[in-house]
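# Per-entry structural report
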Amino acid sequence: MNKKMDIPEKERAIVLQGGGSLGAYEAGAYRALYETLSEKDLKEGRKGRSTFDIVAGTSIGAINAAVLVSYVVENQTYEGAAERLVDFWNYLSKDSMVETNPFFKPW
């Protein structure tokens, strides 16, 4: 059995770590990474290449990974996944007490 397996020469993986608010940082970092990799793939003539072959995370990173992967499964592309992740974090964000408390308004 000397059958060659269909294993890609190179694979890309993204591993997102846990740490609460680090998840919001990861959303911005993911957006920048996606844009960079998309440009690189376009220049190298690999326009249809999947941005990541493996997506993993722990704690809040796992939640971010789930948002990304669910978007990709739903839309069959990574294009727009960064915006979905940023939208997710905007939805989770809330105004600080200083901004909503009338006592602090004069300052």
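Above this text sits the structure in question.
Described below are features of the structure shown in this document. (Residues numbered from 1 in each chain as written. Predicted model: local features only at pLDDT ≥ 70, side-chain atom pairs only at ≥ 80, totals over all residues. Heavy atoms only, no water.)

## Observations concerning the overall build of the protein
Across its full length, the protein carries four helices and two strands. When the helices and strands of the protein are placed in sequence order, the string is β-α-β-α-α-α. For the protein, with 107 residues in total, the buried portion stands at 25%. Within the protein, contacts between residues at least 6 apart in sequence are counted, and of these 65% link residues at least 24 apart. (Helix = DSSP H or I, 4+ residues; strand = E, 2+ residues; numbered from the N terminus. Buried < 20%, exposed > 50% of the residue type's maximum accessible area, 1.4 Å probe, protein only. Contact = heavy atoms within 4.5 Å.)

## Structural notes on the pairing of strand β1 (residues 13-16)
Covered by surrounding structure in β1 are Ile14 and Leu16 only, the residues Ala13 and Val15 on the alternate face being uncovered. Summarising the sheet, β1 and strand β2 (residues 54-57) pair through four bridges and their orientation is parallel. Within β2, the position partnered with Leu16 by the bridge is Gly57. The parallel pair β1 and β2, bridged by helix α1 (residues 22-43), forms a crossover whose chirality is right-handed. (Pairing = 2+ DSSP bridges. Right-handed = clockwise from strand over helix to strand, strands pointing away.)

## Regarding the environment of Glu83
Within the secondary structure, Glu83 sits in helix α3 (residues 81-92). Look at Glu83 and you get partly exposed, because its relative accessible area is 39%. Glu83 sits 52 residues away from Arg31 along the chain, and the two C-alpha atoms are 7.6 Å apart.

## Let's talk about the nonpolar core
In terms of nonpolar packing, the biggest core is built from 19 residues, with Tyr30, Phe52, Leu68, Tyr78 and Leu85 touching the most fellow members. Secondary-structure elements contributing two or more residues to this core are β1, α1, α2 (60-75) and α3. Sorting elements by how many residues they give to this core places α2 first, with six residues. (Core = buried A, V, L, I, M, F, W, Y, C linked by side-chain atoms within 4.5 Å.)

## Digging into the packing of α2 against α3
Taken N-terminus to C-terminus, the directions of α2 and α3 make an angle of 135°; their axes are 9 Å apart at the nearest point. Regarding the angle of α2 to α3, the classification is oblique. The handedness of the crossing between α2 and α3 comes out as right-handed. Of the residues in α3, those in contact with Ile60, Ile63, Asn64, Val67, Leu68, Tyr71, Glu74 and Asn75 of α2 are Ala81, Arg84, Leu85, Phe88 and Trp89. Taken together, the residues of the contact of α2 with α3 break down into nine nonpolar, two polar and two charged. (Axes fitted to C-alpha atoms, helices over the stretch in contact; angles between N-to-C directions. Parallel < 35°, antiparallel > 145°, perpendicular 65-115°, else oblique. Left-handed = near helix turned anticlockwise from the far one by under 90°. Nonpolar A, V, L, I, M, F, W, Y, C, P; charged D, E, K, R; others polar.)

## Structural notes on the environment of Asp41
Mapped onto the elements of the fold, Asp41 is located in helix α1. Not counting the four nearest positions on each side in its chain, Asp41 is found in contact with Arg12, Arg46, Lys47 and Arg49.

## What about the pattern of salt bridges?
Counted under the stated rule, the structure contains five salt bridges. Across the pair Arg49 and Asp53 runs a salt bridge whose closest N-O atoms are separated by 3.9 Å. Overlapping salt bridges bring together Lys40, Glu44 and Arg46 as one network. (Salt bridge = Lys/Arg side-chain N within 4 Å of Asp/Glu carboxyl O.)

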